[in-house]
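# Coordinate analysis (summary)
Residues per chain are reported as follows:
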Amino acid sequence: MAVATLALGAVGAAGATAAPGGKPGPRYTAGAEGVGDAYFPFAGNGGYDVQHYDLDITYTPPAPDPAPLVGEFDGVATIDLVSTQDLDRFNLDLRGMEVHALSVNGKPAASVAPPLAGEEVDGAAYWHVQDDDARVWELTVQPRPKLKAGEQVQVVVEYGGTTTRPRDIEGALYGWVTQRDGALVASEPDGSMTWYPVSDHQTDKATYSFEITVPEGKVAVANGIQPKPEETANGWTTWFWDAPDQQASYLTTASVGDFDLRETYTSSSGVPIIDAVDTKLSTSRLATTNASLGRQAAMVDFFESKFGPYPFVAYGSIVDNDSVGYALETQTRPVYSSSASEGTVSHELAHQWFGNAVSPERWQDIWLNEGWATYANWMWNEERGIRTAQQSYDNWYAPARDAAYWGLQIGDPGELGLFATQVYNRGAATLHALRLEVGDADFLAAAQLWLERYNDSAGTSEDFQAVYEEVSGQDLDEFFQIWLYDQVKPPADWTTP
Ligand code: TRP
Ligand code: ZN
């Protein structure tokens, strides 16, 4: 589902031909090397729309301490896509992995050294990888024959390597994070390329299927449901997972560890809940985790009553004894580091509506994810009788804060500010103020319209404002200017209905 339209300077061998009758023939160019996201210019790719990723992974976790903390990874990615322009060549994103073989529509391509700009490589099918320190990670493919716009294309990439512990632009662990007992896989914003070839941007959602083979005794947990039970032979177990809903690449997981897999209950609306809890959690962390997970069904019921139907086939949590320092709302199955608190569980569940079903079209729109997930937690706390949303707002508004705090524009926080505290808390406060501005009924009606209209897709802050203006009949320019962009504390009168 391609939504973004901006193309980075794509240059390609133009081969315009005029067919008889004056109808222009195909004009083959290179697909763009990014979708045009200002924060991550090389994330995602242009010229095609991925439909489905089938990921067949064999993974050997590290040997016991003191062996190095690295794993062995072998993958076959089968990618179904549709070309959206006449393609001379196109890119996938891939970081820190070697490609062993690649074919397009069953036709093998050869590995070449990266050619110079504009240089033709014998008109042959080829691929090459660019993997450097400037955060440019691209797998370039020149298919032969060339691809006409609208073609259904299958790309098969055999790849693999030694897994490490990659870091995001601000230094946080992400992607395929090797752990002593397996791997904790959490890829926001652009870490999926550390474990599979991908158009790594949420404007190209796709469905997924997984076959993950790990040493017998290890459990591999990915998104969605198990279409069939795991199979064990010769000391290896293969785990099958299907994620049939449209899914952004950063929400993909395939975590491996010593998990207790629990498939025992559903929400009132029938959403199956499948949890994976590390068997090595301490007694107190296990108690906290179990208490939080035990409330998931009730949380689904509560959020459905506010936001509308739960958007995906299943839900559940992956709680890893290891840590990347944060939790992530991986689609249908969030991952938690060390233990899962009730507050964080409500936050990650709310992301299934806000962030996952409807994703931020640009990374600068991240407040739509984090503000909503934080606000939904405020709502859950009210439901539980802990404190009202108004009290959470007041607790945020009251303290004196420095100019740097108010200076961060949550509507454009910068690529190093994606997970800044202001994005979460000023974001939640923005939604509370919006609720007071338009009234409770319109606040939820507009939220539901937003979720329906942009379901399986992505939207911007401007799109969000437009939905609230449509539902409320109010002009909200000044409101959103103050809350998302003014680099001062919003005035107190925005809190009075
Ligand atoms: N999106 C995650 C959440 O709020 C948080 C997250 C992702 C994060 N990557 C991060 C937080 C890196 C800190 C650092 O649920
Ligand atoms: Zn969040």
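The structure we're discussing is the one just above.
These notes cover the structure that comes with them. Throughout this document, residue positions are counted from 1 along each chain, in the order its sequence is written. As a convention, the first chain written is A and the first ligand written is 1, with the rest following in written order. With pLDDT at 70 or above as the cut-off, local features in this predicted model cover only qualifying residues; side-chain atom pairs require 80 or more to be listed or tallied, and sums for whole chains, interfaces and linings still use all residues. As a convention, hydrogens and water are excluded, and side-chain values are obtained from all of the structure's heavy atoms.

## Digging into the packing of helix 5 (residues 389–397) against helix 7 (residues 421–438)
Applied cut-off: Every angle, taken between N-to-C directions, lies between 0 and 180 degrees, and every axis is a line fitted to C-alpha atoms, over only the stretch in contact when it is a helix. Here a helix means four or more residues in a row that DSSP labels H or I, a strand means two or more in a row labelled E, and each is numbered from the N terminus. Orientation labels follow simple angle bins: below 35 degrees gives roughly parallel, above 145 gives roughly antiparallel, 65 to 115 gives roughly perpendicular, and whatever is left gives oblique. For any pair of crossing helices, the crossing counts as left-handed if the nearer helix is rotated counterclockwise from the farther one by less than a right angle, and right-handed if it is rotated clockwise. We call two residues in contact whenever any of their non-hydrogen atoms come within 4.5 Å of each other. For this classification, the nonpolar set comprises Ala, Val, Leu, Ile, Met, Phe, Trp, Tyr, Cys and Pro, the charged set comprises Asp, Glu, Lys and Arg, and every other residue, Gly included, is treated as polar.
In the contact formed by helix 5 and helix 7, the axes pass within 10 Å of each other and the chain directions differ by 130°. As the angle between them shows, helix 5 and helix 7 are arranged oblique. Here helix 5 runs over helix 7; the crossing is left-handed. Between helix 5 and helix 7, the residues in contact are A389, Q390, Y393 and W396 and N425, R426, A429, H432, R435 and L436, respectively. Classifying every residue of the contact of helix 5 with helix 7 gives five nonpolar, three polar and two charged.

## Describing the site of ligand 1
Note the threshold: We call a residue near a given molecule or strand whenever any one of its heavy atoms falls within 4 Å of it. Distance and chemistry together define a polar contact, namely a pair of N or O atoms within 3.5 Å, with one atom able to donate a hydrogen and the other to accept it when in protein, and with adjacent residues in sequence counting only for side-chain atoms on both sides. For accessible areas, the Shrake-Rupley method is used with a probe of radius 1.4 Å. Any residue's cover is judged against the shown protein chains and nothing else.
Around ligand 1 sit 13 residues in total, of which E188, H347, E348, E370 and Y424 are the nearest. The side chain of E348 places a nitrogen or oxygen atom 2.8 Å from an oxygen atom of ligand 1. Take E370: an N or O atom from its side chain is 3.0 Å from a nitrogen atom of ligand 1. Expressed as a share of its isolated accessible area of 370 Å², the protein-covered part of ligand 1 is 87%. Its residues placed into classes, the shell around ligand 1 shows six nonpolar, two polar and five charged.

## Observations concerning the coordination of the zinc ion (ligand 2)
Stated precisely, the cut-off is as follows: Distances decide who is a donor: an N, O or S atom must be within 2.8 Å of the metal, or within 3.2 Å for Na, K and Ca. Water is not included, so sites may look incomplete. A 1.4 Å probe rolled over the protein chains alone gives each residue an accessible area, and that area as a share of the maximum for its type sets the label: buried under 20%, exposed over 50%, partly exposed in between.
Only H347 (NE2), H351 (NE2) and E370 (OE) from the protein coordinate the zinc ion (ligand 2), and they sit 1.9 to 2.0 Å from it. As a motif over one chain, the donors of the zinc ion (ligand 2) read H-x3-H-x18-E. Taken together, the residues span a long stretch of sequence, with H347 in helix 3 (residues 342–351) and E370 in helix 4 (residues 367–383) at a distance of 23 residues. Classification of H347 as buried rests on a relative accessible area of 11%. Judged by relative accessible area, E370 falls into the buried class, the value being 2%.

## Thoughts on the environment of L81
As for its placement among the helices and strands, L81 is situated in strand 3 (residues 71–83). According to the relative accessible area criterion, L81 is buried, its value standing at 1%. As a C-alpha pair, L81 and S267 span 186 residues in sequence and 34 Å in three-dimensional space. Here L81 is in contact with Y48, D49, V50, Q51, E151, Q152, V153 and V155, once residues within four sequence places are set aside.

## A look at the nonpolar core
Quick note on the threshold: Only buried residues count toward a nonpolar core. Its members are Ala, Val, Leu, Ile, Met, Phe, Trp, Tyr and Cys residues joined through side-chain atoms within 4.5 Å.
Residues W372, L434, F464 and Y468 are the most contacted members of the largest nonpolar core, which totals 74 residues. The greatest single-element share of this core, amounting to eight residues, is contributed by helix 4. The contacts of Y468, once residues within four sequence positions are left out, are W372, L434, V438, D442, F443, A446, A447, G473 and L476. Core analysis: the second largest hydrophobic core is formed by 61 residues, Y53, L147, A276 and V335 among them.

## Points about the sheet that holds strand 17 (residues 259–266)
Worth spelling out the cut-off: Strands qualify as paired when DSSP identifies two bridges or more between them.
Read across the sheet, four strands follow the order 17-18-19-20 without closing on themselves; strand pairing throughout is mixed. Each edge of the open sheet carries a strand with a single partner, namely strand 17 and strand 20 (335–337). For this sheet the average axis-to-axis angle between neighbouring strands, irrespective of direction, equals 15°. When strand 17 meets strand 18 (residues 272–278), the two strands line up antiparallel, connected through six bridges. Residue pairing across strands places L261 opposite A276, the latter belonging to strand 18.

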